[in-house]
There are 2 protein chains.
Amino acid sequence: MAGVSRNNAGLSTEAIVTEALRIIDGQGLRRLTMRRLGDALNVEAMAIYHHFPLGKEQLFDAIVAHITDVDDTPRSASEPASHDAPAEPDPRSWRERLHDWAEAYRAALLDHSGALALLINRRADTPAALRSLETHYAAFAEAGLAPDTIPRAAAALNAYVTGAVIREVRTQSPASPDRVAPETVDGRYPHVARLAPTEGEDHDQSFRWGLEALLRGLVGSTHPTDRA
Amino acid sequence: MAGVSRNNAGLSTEAIVTEALRIIDGQGLRRLTMRRLGDALNVEAMAIYHHFPLGKEQLFDAIVAHITDVDDTPRSASEPASHDAPAEPDPRSWRERLHDWAEAYRAALLDHSGALALLINRRADTPAALRSLETHYAAFAEAGLAPDTIPRAAAALNAYVTGAVIREVRTQSPASPDRVAPETVDGRYPHVARLAPTEGEDHDQSFRWGLEALLRGLVGSTHPTDRA
DNA sequence: ACCTGAACACCGTTCAAGT
DNA sequence: ACCTGAACACCGTTCAAGT
């Protein structure tokens, strides 16, 4: 009687995934429950199974696909990604393209860090993942890497970005500061005591610093200037 | 009547963690249940709460601590780690020490890849983590890094190793081969089609290759020979 | 101290039924 | 096609009780 008929709540996979992410971000992954999700969508929990017949695991897959569907084009944060634009030449250097992707991917993961655990045991089969791979391969080819090392370079880049986000999330977990607790550092860990950052790391800066180091190591003796 | 009295099943935190890891490795994380774990230990599920009063979350913490308690001393795989040996000078170069740690840590994570998801939202506060940090700081200092860059270098190394393991586990997930499915590569991903490894990656080799590249990038223009 | 047994408030998922 | 409602086989955790 409130305007929506009994058997059409306007549910869609998109709406379900979005609401699921809201719950994860707000209450944590453990509290994402079919019943709670149904409540948030004003629907019986079992209605979700009509859109995800394989149940919660399939919902998790969709959540991961949603999060990792990042747009790494230049920084116009306003308009949504247009996946079907005609291939206009990218003005960015290979280094800029890799940097932009890394920043965008990191930001996407950090935006939903509560869902990070879902990433681990799920394959990266999505079109977005393949697009990113193509971007990385092309960039490293342009950088002059030998063909057989290009997949490894792309793998290393992916590993670094993912691992950096995880490390960042781990070190800023609740109830403990970024820096090492002073009482544990007494005598046995002199280097840690002397060198550990005193007031928390700047994760943004650390990330970029490590990224640049990795790219430097990957492209070997390539000249520091970009642009093939 | 079977030799053990009714209220002493010989339970210990160590035994519980070990059995929990056996279940995770054999059946997956989702099937690790207090009741199942109790069954495997020939005990009522509620007995576990006497050793882990804070419940499953505390058990998870102990599992992560157990997995990440790696020994990175030279490759004598036989004898257990002696944490209280007098400080005999380490004959390995800083590069060898970092390599050895990376390999050992990767192996430890891969050994229980089913528990990887637990790592993500849990702090690395353990003594083992602090020992590793000390190792890394000392090695990078010996390599000649500027003091303020040493924590970042250690963070990058940690990120790479963790991320590489996750990538490895993700790409070898069930029901899909390592290499990219040919049908998705048709026309739109020319570099991927041309350069993707045809018969699965050699993860061991890729890992080492990426690790060396990262270290090269981190230590900057240091000479390729080790030993300060 | 160490473990049991019953109970509570939840879960994910199936299934037949409604519209 | 899309959603509901009841039911089933589980969960984690508490609590009082046993020895």
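Residues numbered from 1 in each chain as written. Chains lettered and ligands numbered in written order. Predicted model: local features only at pLDDT ≥ 70, side-chain atom pairs only at ≥ 80, totals over all residues. Heavy atoms only, no water.

Undergrad: Could you clarify how one ought to interpret the packing of helix H1 (residues 13–27) of chain B against helix H4 (residues 56–67) of chain B in this entry?
TA: A packed helix pair is summarised by two numbers, namely the angle formed by the two axes and the spacing between the axes. Residue and element names in this part refer to chain B. Where H1 contacts H4, the axes come no closer than 10 Å and their chain directions differ by 85°. It follows that H1 is roughly perpendicular to H4 by the angle criterion. Seen from H1, the contacting residues are Glu 14, Ile 16, Val 17, Ala 20, Leu 21 and Ile 24; seen from H4, they are Leu 59, Ala 62, Ile 63, His 66 and Ile 67. Tallied by class, residues from the contact of H1 with H4 come to 9 nonpolar, 1 polar and 1 charged. (Axes fitted to C-alpha atoms, helices over the stretch in contact; angles between N-to-C directions. Helix = DSSP H or I, 4+ residues; strand = E, 2+ residues; numbered from the N terminus. Parallel < 35°, antiparallel > 145°, perpendicular 65-115°, else oblique. Contact = heavy atoms within 4.5 Å. Nonpolar A, V, L, I, M, F, W, Y, C, P; charged D, E, K, R; others polar.)

Undergrad: How should I be thinking about the packing of aromatic side chains in this particular structure?
TA: In this description, a pair of aromatic rings is defined by centroid distance and the angle of the planes. All names here are of chain A. The full count for this structure, using the stated rule, is 4 aromatic pairs over all chains. Judged by centre distance (5.0 Å) and plane angle (15°), the ring pair of Trp 101 and Tyr 105 falls under stacked. Taken together, the positions of Trp 101 and Tyr 105, both in helix H5 (residues 94–111) and 4 residues apart, correspond to about one turn of that helix. Taking the relative accessible area as the measure of exposure, Trp 101 reaches 1% and is therefore buried. A cation over an aromatic ring shows up here: Arg 106 above the ring of Phe 207, its NZ or CZ 4.8 Å from the ring centre. (Phe/Tyr/Trp six-rings, centres within 6.5 Å; stacked < 30°, edge-to-face > 60°. Buried < 20%, exposed > 50% of the residue type's maximum accessible area, 1.4 Å probe, protein only. Lys NZ or Arg CZ within 6 Å of the ring centre and 35° of its normal.)

Undergrad: I would appreciate a short explanation of unusual backbone geometry in the present structure.
TA: Excluding glycine, residues mostly carry a negative phi; peptide bonds, for their part, are mostly trans. Despite not being glycine, Asn 42 of chain A has its phi angle at roughly 60°, a positive value. Along the chain, Asn 42 of chain A falls in the loop between helix H2 (34–40) and helix H3 (48–51).

Undergrad: Please clarify how the UniProt feature "domain: HTH tetR-type" (unreviewed entry) in chain A should be interpreted in this entry.
TA: The sites that UniProt annotates as "domain: HTH tetR-type" (unreviewed entry) are residues 16–63 of chain A. From the first C-alpha to the last, residues 16–63 of chain A spans 9 Å; its make-up is 65% helix and 0% strand. (UniProt positions renumbered as here; feature names shortened; annotations may be inferred.)

Undergrad: Explain the interface of chain B and chain A to me, please; I cannot follow it from the model alone.
TA: Quite often, the size of an interface is put as the accessible area lost when its parts meet. Listed by partner, the interface residues are 65 residues for chain B and 65 residues for chain A. Of the roughly 5300 Å² buried between chain B and chain A, counting both surfaces, carbon and sulfur atoms make up 66%. Linking chain B with chain A are 2 salt bridges, by the criterion used here. Residue Arg 30 of chain B pairs with Glu 57 of chain A through a salt bridge whose shortest N-O separation is 3.9 Å. The tally of links from chain B across to chain A stands at 12 residue pairs in polar contact (both at pLDDT 80 or more). Elements that contribute at least two residues to the side of chain B that touches chain A include exactly H4, helix H6 (116–120), helix H7 (127–142), helix H8 (150–171), helix H9 (190–195) and helix H10 (203–219) of chain B. With 17 residues, the single largest contributor to the side of chain B that touches chain A is H8 of chain B. (Buried area = accessible area lost by both parts, 1.4 Å probe. Salt bridge = Lys/Arg side-chain N within 4 Å of Asp/Glu carboxyl O. Polar contact = N/O pair within 3.5 Å; in protein donor to acceptor, adjacent residues only side chain to side chain.)

Undergrad: Quick question: what am I supposed to make of the protein's contact with DNA strand C here?
TA: Near DNA strand C lie 23 residues; those nearest to it are Arg 35, Met 46 and Lys 56 of chain A together with Ala 9 and Glu 44 of chain B. Within 4 Å of the protein, the contacting atoms of DNA strand C are 59% sugar and phosphate, with bases supplying the remainder. Between DNA strand C and Met 34 of chain A there is a distance of 3.0 Å, counted from a phosphate oxygen to a backbone nitrogen or oxygen. Within the contact set of DNA strand C, a phosphate oxygen lies 2.6 Å away from a backbone nitrogen or oxygen of Glu 44 of chain B. When residues in the surface near DNA strand C are grouped by element, the largest group, 3 residues, is from H2 of chain A. Grouping the constituent residues of the surface near DNA strand C by class yields 9 nonpolar, 8 polar and 6 charged. (Near = heavy atom within 4 Å.)

Undergrad: Got a minute to help me understand the environment of Leu 37 of chain A in this structure?
TA: Residue and element names in this part refer to chain A. With respect to the helices, strands and loops of the structure, Leu 37 is situated in helix H2. Overall, the relative accessible area of 0% leaves Leu 37 in the buried class. Separated by 15 residues in sequence, Leu 37 and Arg 22 have C-alpha atoms that sit 9.7 Å apart. When residues no more than four places from it in sequence are discounted, the contact partners of Leu 37 are Ile 16, Glu 19, Ala 20, Ile 23, Leu 32, Ile 48 and Leu 59.

Undergrad: Which parts of the structure should I look at to understand the relation of the copies chain B and chain A?
TA: In this structure, two copies of a chain are linked by a rotation about an axis accompanied by a shift along it. Superposition of chain B onto chain A requires a rotation of 180° combined with a translation of 0.0 Å along the rotation axis, giving an RMSD of 0.0 Å. Taken together, the turn and the small shift mark the pair as related by a two-fold rotation axis. When the interface residues of chain B are mapped onto chain A, 100% of them again fall at the interface, so both copies present the same face. (Least-squares fit on C-alpha atoms with pLDDT ≥ 70 in both.)

Undergrad: Would you mind going over the domain arrangement of chain A with me for this structure?
TA: Residues and elements named next belong to chain A. Here chain A is partitioned into domain 1 (2–53) and domain 2 (94–175 + 183–219). The centre of domain 1, based on its C-alpha atoms, is set 33 Å off from the matching centre of domain 2. Contact with domain 1, which involves 4 residues of that partner, is made by 6 residues of domain 2. Both faces combined, the contact of domain 1 with domain 2 buries some 390 Å², and carbon together with sulfur accounts for 71% of it. Considering only the surface of domain 1 that becomes buried against domain 2, Ile 24, Asp 25 and Leu 29 emerge as the three largest contributors, covering 81% of it. In this assembly, domain 1 and domain 2 are joined by 0 salt bridges. Counting across the interface, domain 1 meets domain 2 through 1 residue pair in polar contact (both at pLDDT 80 or more). Looking at the side of domain 1 that touches domain 2 residue by residue, the classes come out as 3 nonpolar, no polar and 1 charged. (Domains from an automatic or database assignment.)

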